[in-house]
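# Inside the fold
Below are the chains, spelled out letter by letter.
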Amino acid sequence: MKRILAFLPIGIAVILGGFLLWGLNPDRDPNEIPSVLISQPVPAFDLPPVEGLDTPGLSSTDLAENDGSAPIVVNVFASWCVPCRAEHAVLTRMVREDGIRLMGINYKDKPQDARKWLDDLGNPYERIGSDLDGRAGIEWGISGVPETFVIDGAGTVVFRFVGPVLGDEAIGKLRTALEQARRNRAGETS
Amino acid sequence: MIPEIGQFALALALAVALVQSVLPLMGTARNNVIWMRSATATSVLLTVLVAIAFGALMWSFVVSDFTVVNVASNSHSLKPMLFKVAATWGSHEGSLLLWVLILVIFGLGVSLLAQNIPLKLKARTLAVQAWISAGFLSFMLFTSNPFDRVFPAPLDGQDLNPLLQDVGLALHPPFLYLGYVGFSIVFSFAVAALIEGRVDPAWARWVRPWTLAAWVFLTLGIVLGSWWAYYELGWGGWWFWDPVENVSFMPWLAGTALFHSAIVTEKRDSFKSWTILLAVLTFSLSLLGTFVVRSGLLTSVHAFSVDPERGIYILALLAIAIGGSLTLFAVRAPQMEGGGLFAPISREAGLLINNLLLATATATVLFGTLYPLLLEAVTGEKISVGPPYYNVSFVPIMLVLVLVMGVGPLLSWKRADLRGVLARLKWVAGLSLLAALAVWYLDTGGPVLAVLSIGLAVWLLGAVLTEWAGRIRLGEVPLAESMRRARNLPRAHYGMVVAHAGLAVCMIGFVGSSAWKSEVVLFAEPGTELEIAGFDVRFEGVEDLRGPNYLSRMGTLTVTRNGSYVTTLRPERRAYPAAGSSTTESAIRTTLAGDLYASIQEPASEDEQGRWTLRILYEPLVVWIWIGSGLLALGGVLSLSDRRLRVGAPRKRAQPVPAPVVAE
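Here the structure is a predicted model, which means the values were calculated and not measured.

### So, the overall build of chain A
- When helices and strands are counted, chain A shows six helices and seven strands.
- Seen in sequence order, chain A has helices and strands lined up from the N terminus as α-β-β-α-β-α-β-α-β-α-β-β-α.
- Counting over 190 residues, chain A shows a buried share of 33%.
- Taking as baseline every contact in chain A between residues at least 6 positions apart, the subset at least 24 positions apart corresponds to 72%.

### What to know about the overall build of chain B
- From N to C terminus, chain B includes 20 helices and ten strands.
- Relative to the globule expectation of 26 Å for 664 residues, the C-alpha radius of gyration of chain B, 27 Å, shows essentially globular dimensions.
- The dimensions of chain B, computed from C-alpha atoms along their principal axes, are 80 × 70 × 55 Å.
- A burial count over chain B gives 51% of its 664 residues as buried.
- Counted over contacts in chain B with a minimum sequence separation of 6, partners at least 24 positions apart contribute 76%.

### Things to note about the sheet that holds strand β1 (residues 518–524) of chain B
All names here are of chain B.
- Read from one edge to the other, the open sheet built from four strands follows the order β1-β10-β9-β8, with strand pairing classed as antiparallel. Each of the sheet's edge strands pairs with one partner strand only, and the pair in question is β1 and β8 (587–590). Geometrically, the sheet is characterised by an average inter-axis angle of 10° between neighbouring strands, direction not taken into account.
- Two strands pair when backbone bridges link them, and strand β9 (residues 594–601) and strand β10 (residues 612–620) are joined in this way by eight bridges, in the antiparallel orientation. Following the sheet pairing, A598 is matched in β10 by I616.

### What to know about the nonpolar core
- Grouped together as the largest cluster of nonpolar side chains are 190 residues, with contacts concentrated most on B:A13, B:V100, B:V186 and B:L460.
- Per element, the largest residue contribution to this core is 20 residues, and it comes from helix α8 (residues 201–232) of chain B.
- Leaving out residues up to four positions away in the same chain, B:V186 has contacts with B:V207, B:W210, B:T211, B:A214, B:L258, B:A279, B:T282 and B:F283.
- Ranked by size, the runner-up nonpolar core spans 38 residues in total, among them A:V50, A:L91, A:W117 and A:Y125.

### Let's talk about the interface of chain B and chain A
- Facing 25 residues of chain B, the contacting portion of chain A comprises 21 residues.
- By residue number, the principal contributor to the side of chain B that touches chain A is helix α11 (residues 308–332) of chain B, which donates eleven residues.
- Of the residues belonging to the side of chain B that touches chain A, the class tally is 17 nonpolar, six polar and two charged.

### Here's the deal with the sheet that holds strand β6 (residues 147–151) of chain A
All names here are of chain A.
- If you trace the five strands from one edge of the open sheet to the other, you get β5-β4-β3-β6-β7, paired in mixed fashion. The sheet is open, and its two edges are formed by β5 (127–131) and β7 (157–162), each paired on a single side. For this sheet, the mean inter-axis angle between neighbouring strands, taken without regard to orientation, is 20°.

### As for the packing of helix α17 (residues 448–471) of chain B against helix α19 (residues 491–515) of chain B
All names here are of chain B.
- Viewed as axis vectors pointing N to C, α17 and α19 meet at an angle of 165°, and their least axial separation amounts to 9 Å. If you check the angle between α17 and α19, you find them roughly antiparallel. Handedness of the crossing formed by α17 with α19: left-handed. Taking contact as the criterion, the partners of A450, S453, I454, L456, A457, L460, L461, V464 and W468 in α17 are, on α19, V497, H500, A501, L503, A504, M507, I508, V511 and A515.

### As for helix α5 (residues 92–113) of chain B
- Across its 22 residues, α5(B) extends 31 Å between first and last C-alpha, which sits within 8% of the 32 Å expected from 1.5 Å per residue.
- Burial within α5(B) is extensive, with 18 of its 22 residues counted as buried.

### Observations concerning the domain arrangement of chain B
Residues and elements named next belong to chain B.
- Examined at the domain level, chain B breaks down into domain 1 (1–165), domain 2 (184–384), domain 3 (425–511 + 627–640) and domain 4 (518–620).
- The interface of domain 1 with domain 2 comprises 18 residues on the first partner and 19 residues on the second.
- For the side of domain 1 that touches domain 2, the elements supplying multiple residues, two or more each, are α5 and α6 (119–143).
- In terms of residue count, the dominant contributor to the side of domain 1 that touches domain 2 is α6 (ten residues).

### Thoughts on the packing of helix α9 (residues 243–268) of chain B against helix α10 (residues 272–295) of chain B
Residue and element names in this part refer to chain B.
- At a minimum axis separation of 8 Å, α9 and α10 run at an interaxial angle of 165°. One finds that α9 runs roughly antiparallel with respect to α10. Here the hand of the crossing between α9 and α10 comes out left-handed.
- In terms of residue class, the contact of α9 with α10 is made up of 17 nonpolar, eight polar and one charged.

### Regarding the pairing of strand β2 (residues 529–532) of chain B
Residue and element names in this part refer to chain B.
- The sheet contact formed by β2 and strand β3 (residues 535–546) spans four bridges and is antiparallel. From the neighbouring strand, E531 faces β3, where its bridge partner is D536.
- The antiparallel hairpin formed by β2 and β3 contains two residues in its connecting segment, where A533 sits at a positive phi of about 45°.

### Looking at the environment of B:A214
Residue and element names in this part refer to chain B.
- Here A214 shows up in helix α8.
- Along the sequence, A214 and A127 sit 87 residues apart, while their C-alpha atoms lie 20 Å from each other.
- Ignoring sequence-local partners within four residues, the contact set of A214 consists of G179, G182, F183, V186 and G255.

### A word on the confidence of the model for chain B
Residues and elements named next belong to chain B.
- Summing up the model confidence of chain B, the mean pLDDT is 86 and the portion of residues at 70 or higher is 93%.
- Segment residues 647–664 is flagged for pLDDT under 50; beyond a separation of four residues in sequence, or across chains, it makes 14 contacts in the model.
- Here the predicted complex carries an ipTM of 0.80, next to a pTM of 0.81.

### Regarding unusual backbone geometry
Residue and element names in this part refer to chain B.
- Backbone torsion omega between F151 and P152 reads -5°, so that peptide bond is classified as cis.
- Examined against the element boundaries, P152 turns out to sit in the loop between α6 and α7 (167–196).
- In this structure, D269 takes a positive phi of about 60° despite not being glycine.
- Relative to the assigned elements, D269 resides in the loop between α9 and α10.
- Even without being glycine, R473 reaches a positive phi, approximately 55°.
- On the secondary structure map, R473 appears in the loop between α17 and α18 (479–488).

### A few points about the pairing of β9(B)
Residue and element names in this part refer to chain B.
- Taken across its eight residues, β9 has seven buried, putting it largely inside the fold.
- Taken together, the four bridges between β8 and β9 define a ladder with antiparallel strand orientation. Following the sheet pairing, T590 is matched in β9 by D595.
- Counted along the chain from β8 to the antiparallel partner β9, the turn is three residues long.

So, how was this worked out
Residues numbered from 1 in each chain as written. Chains lettered and ligands numbered in written order. Predicted model: local features only at pLDDT ≥ 70, side-chain atom pairs only at ≥ 80, totals over all residues. Helix = DSSP H or I, 4+ residues; strand = E, 2+ residues; numbered from the N terminus. Buried ≥ 20, exposed ≤ 12 C-beta atoms within 10 Å, placed from the backbone. Contact = placed C-beta atoms within 7 Å. Rg over C-alpha atoms; globule rule 2.2 N^0.38 Å. Pairing = 2+ DSSP bridges. Axes fitted to C-alpha atoms, helices over the stretch in contact; angles between N-to-C directions. Core = buried A, V, L, I, M, F, W, Y, C linked by C-beta atoms within 7 Å. Nonpolar A, V, L, I, M, F, W, Y, C, P; charged D, E, K, R; others polar. Parallel < 35°, antiparallel > 145°, perpendicular 65-115°, else oblique. Left-handed = near helix turned anticlockwise from the far one by under 90°. Expected span 1.5 Å × (residues − 1). Domains from an automatic or database assignment. pLDDT = per-residue confidence, 0-100.

Listed below in structure tokens is the structure:
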């Protein structure tokens, strides 16, 4: 009995050590916030266009009844959000060069401010929903702006990115997610 | 040139540490006295070499040598000199060098101060200490070299994280490391005893002062960190159960258990394997702390940069140190029990309960700290464990501990008269019940824990004083005789009295500042007035000031009470352009009754210019925490200064019948 007891500490230490080793996995980021939406259909929402802007509004049907040609990037932005301004150029370039389909949710923003912001910086968005009271933001479970989601051809959320898409690492993650969304589609058709 | 000298000294130090790891052990195997004694010489050499390396790094910081990566990324030419020096241990690499420096200094301490230890035990202890040194020196040289150069050198540095540019935090790491690393000596002693396969009261007597010294430093280090968090982070709390705080707290708890258990080993030749296990575990928890802080394993507000390669290296060191020592323990422990028997009601039993409770408390904190990791590994779910968990698990254990703590010191060795002891404490029990009822009456509907804790704090304080009064027979014999007895009471006994009373004082502070705190957060414009805890506070405005390496915006708050002027609080918000971040400098008015605490933040958003976020807190009794912690440390120092433990003090050859030499 005593012998077994004496081996107890080393046993516990070895088990804990195993967990610690697992925890060191370089792909693991303890600060990452998982989203409940991943692998779920897009949440139900229906947003009118930004007042006085030609770009049409955005609703869940626009994302769910995607013809499957390409995955869609949904970007939550606001004119009062400084990091959004920084990320805007990156997203515009990705629309121009990679040909991604970009939809916007204009979060808790005054229409005139949003219009001026898009006039100043350019409008890369195919559709923009105006989320004045932040209802859609709650449906999407965002923790702040900007946030970016990738939706595959079947209307399923495959990726969520919190914060501005800036720098090689963030852009790389977004591209990987887009690639995965395209494969999802291919897998279904074959 | 200077950094290269440092680098070279480090490499030489590794070589010396390797020699010290092997030669004294071979000496013990072959009875070669010269080889065994070599440990003394090599530990001197080792200390000199590491000190040269540390000096070289500090020099690079003092002269702002930005060709050294470490200096360039953690210093700035405009920074005040104190913080240039403190930046030496502000980064991962520099703090590791400080860690190793303290490690070798403790080794030097054993080799020079411990004259009366058997040569073999000393040689083995110093060899084990050298294993740890070699492990960390190689870690530093292979993965985290503090002397790496950069070319071309930047024009100026990136500045140290401004949150760390603070006197409290400049001192926090050295004290914390003195504590963490101080336990390494105890660990080395324990492993040496395991190798030898023998533990006796003399062993416990050699180990106890080192444990106490490390414990005192760790207490001060934790308190400094907590105090810094209190006034610098601007949230007003002093303990957040953050993983990095927890990993410094666990060795403290285990260390507390250790020096209580060592008392039994010393006085009664009992609890041997348990004391050894605690000695190993205490340092293992220190190592775990080093690992958690430097590997980015857990989410925390204040950890060093994440680097999996370093994490793997430290984990390997942990596996060798902890795994090796615990395996050795498993093999050797069953052979070394025995010693004095004792009745279920006795001083030994009291200390046993103390140890069980402290060990459980440590396990609770360990579980809470690692639970997010365990859960993520098993289910992939991510959570964080916060105060609610510790309030229902850790706090009740500690309350039971305090209850027992009141009785323990009154029990006699071997067999005690519980009824007699309780009879002596009946007034104290009544008084604490009254205190609890008074709290309940004043704050009906308040937290039950607060009522209980205040009652128990009074209980502990009363019991400690009763014990002391009984010891000097206050009231039973003429006052002059009592005074004479008070003077003759061993210092170690006063250490116990002061430390136990310190804990009671701390408890009052813990309860006051967490249960009865009031807080106001609002957007303020100049002229805004508010009322908190009977104070009227008026926000006068904000002015811009310039510091050496920062820009400050200082708010002015006039505090009055019932119309008469009390004080002016000047909270600041400092922006550090080089580091690209800001700090909060809170303004605090401290009294024994409570702290009035103010901090200020930039306008909430861009269209809110001219409006500021003000946070005003009233934290009752918070200063009692710092006073109580001071008493805890003072108790440790008093106990250390006891004649019995002092170097060179003549010791009695054999202890006669347990004479009045009763320690705690």
